[in-house]
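Chain by chain, the residues:
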Amino acid sequence: MNQPTLLIVDVQRDFCPGGALAVPGGHEVVPLINSIARHYRQVVLTQDWHSADHSSFASQHDGCVPFQTKEKHYGYQVLWPDHCLQGTDGAALHPDLDVPHAQLILRKGIHRHVDSYSTFLEADRVTRTGLDGWLTSHGVSEVHICGLATDFCVAWTAMDARRFGFGATVIEDACRAIDLDGSLARAWAAMAAAGVRRARLADILPV
Ligand code: VGL
Ligand code: ZN
């Protein structure tokens, strides 16, 4: 199948206003994603899915506060508020997301000591989620990516898609960013350097 697969990244309650790690305007992507998803035959959803003692949480480090960085064995890690605890309402997909034909829901960030922004490779840059193999077994060569947050999970997913040899396009108006100390501009520059294409909904939707 030559059609791109749509990856819908982390459109979960905790990343929307009122949630534990709310992305500004995060809920706005829901109707936009609903409108494009039906144009894709193959859709994959992802969920950030942490244990309550996950090491990316500031609460797990004495004297640390959310949004500071800390050096870990695999590099610098932003410490986050507790979010997307496995099985909780905050970790649920946004209730208005309407993508009944999605084939795979992939949960990531499940290992306590390693974060995983990317849907392909965890932050140690070694542990695979298996998405590359899943896509390859389905004959997929290209992914379109939307969701939350542009500068973290969307960007890392898009760059890793390139690393595994897939064509990758981020649908920018179907994403929202956290934008921590310039992280959004850095993410777009890194994505461009990795050969990630950037599109808008109007480029994707049939006229
Ligand atoms: C995300 C921060 C922490 C994301 C996940 O989905 O972009 N950001 N965990
Ligand atoms: Zn997380």
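As a reminder, the structure under discussion sits directly above these lines.
Residues numbered from 1 in each chain as written. Chains lettered and ligands numbered in written order. Predicted model: local features only at pLDDT ≥ 70, side-chain atom pairs only at ≥ 80, totals over all residues. Heavy atoms only, no water.

**Q** What should I look at first to understand the pairing of strand β3 (residues 69–72) in this one?
**A** If a strand is regular, its side chains alternate between the two faces of the sheet. Examined bridge by bridge, β3 and strand β4 (residues 75–78) share 4 bridges and lie antiparallel to one another. Across the sheet, the residue bridging to Glu71 is Tyr76, located in β4. Hairpin connection, β3 to β4: the antiparallel pair is bridged by 2 residues. (Pairing = 2+ DSSP bridges. Helix = DSSP H or I, 4+ residues; strand = E, 2+ residues; numbered from the N terminus.)

**Q** What should I look at first to understand helix α3 (residues 150–163) in this one?
**A** Because each turn of an α-helix spans 3.6 residues, side chains separated by three or four positions end up pointing in the same direction. Helix length check: α3 (14 residues) gives 18 Å between terminal C-alpha atoms against 20 Å at 1.5 Å per residue, within 8%. Within α3, 10 of the 14 residues are buried, leaving the element largely enclosed by the surrounding structure. The complete set of buried residues in α3 reads Thr150, Asp151, Phe152, Cys153, Val154, Ala155, Thr157, Ala158, Asp160 and Ala161. Among the structural elements, β1 (5–9), β4, β5 (104–108), β6 (142–148), β7 (167–176) and α4 (183–193) are those in contact with the buried residues of α3. Just downstream of α3, Gly165 is the residue with a positive phi angle, here 90°. (Expected span 1.5 Å × (residues − 1). Buried < 20%, exposed > 50% of the residue type's maximum accessible area, 1.4 Å probe, protein only. Contact = heavy atoms within 4.5 Å.)

**Q** Could you clarify how one ought to interpret the environment of Gly167 in this entry?
**A** Topologically, Gly167 is positioned in strand β7. Overall, the relative accessible area of 15% leaves Gly167 in the buried class. Through-space distance from the C-alpha of Gly167 to that of Ser141 is 6.3 Å; in sequence the pair is 26 residues apart. Those residues within four positions of Gly167 in sequence are excluded, and the remaining contacts are Ser141, Glu142, Val143, Arg162 and Arg197.

**Q** What's the story with the pattern of salt bridges in this structure? I'm lost.
**A** Oppositely charged side chains may form a pair once their charged atoms are brought near each other. Evaluated as defined, the whole model comprises 11 salt bridges. Between Arg198 and Glu172 there is a salt bridge, and its shortest N-O distance comes to 3.3 Å. Of the two residues, Arg198 sits in strand β8 (residues 197–199) while Glu172 sits in strand β7, which places them 26 residues apart along the sequence. Of the residues examined, Arg198 reaches a relative accessible area of 47% and is grouped as partly exposed. (Salt bridge = Lys/Arg side-chain N within 4 Å of Asp/Glu carboxyl O.)

**Q** Would you mind going over the site of ligand 1 with me for this structure?
**A** Ligand 1 sits among Asp10, Phe15, Leu21, Asp48, Trp80, His83, Tyr117, Leu148, Ala149, Phe152, Cys153 and Ile178. Protein contacts shield 100% of the accessible area of ligand 1, which totals 260 Å² for the unbound molecule. Here the residues of the shell around ligand 1 are counted per class, giving 9 nonpolar, 1 polar and 2 charged. (Near = heavy atom within 4 Å. Areas by Shrake-Rupley, 256 points an atom, 1.4 Å probe, with all protein chains shown as cover. Nonpolar A, V, L, I, M, F, W, Y, C, P; charged D, E, K, R; others polar.)

**Q** For this particular structure, what's the right way to read unusual backbone geometry?
**A** Excluding glycine, residues mostly have negative phi values, and the peptide bonds linking residues are mostly trans. Residue Leu148 is joined to Ala149 through a cis peptide bond whose omega torsion reads -15°. Position of Ala149 among the secondary structure elements: in the loop between β6 and α3. In the Ramachandran plot, Asp181 falls in the positive-phi region, its phi being about 50° despite a non-glycine side chain. Within the secondary structure layout, Asp181 lies in the loop between β7 and α4.

**Q** How should I be thinking about the coordination of the zinc ion (ligand 2) in this particular structure?
**A** Any two of four tetrahedral donors ideally make an angle of 109.5 degrees at the metal, while pairs among six octahedral donors ideally make 90 or 180 degrees. Distances from the zinc ion (ligand 2) to its protein donors, Asp48 (OD), His50 (NE2) and His83 (NE2), fall at 2.0 to 2.2 Å. Around the zinc ion (ligand 2) sit 4 donor atoms; with metal-centred angles ranging over 87 to 170°, the donor geometry is irregular. Sequence spacing among the residues donating to the zinc ion (ligand 2) works out to D-x1-H-x32-H. Placement of His50 in the loop between β2 (43–48) and β3 and of His83 in the loop between β4 and β5 is noted, with a sequence separation of 33 residues between them. The burial state of His50 is the same as that of His83; both residues are buried. (Donors = N, O, S within 2.8 Å, 3.2 Å for Na, K, Ca; no water. Tetrahedral: all angles 85-135°; square planar, octahedral: opposite > 155°, others 65-115°.)

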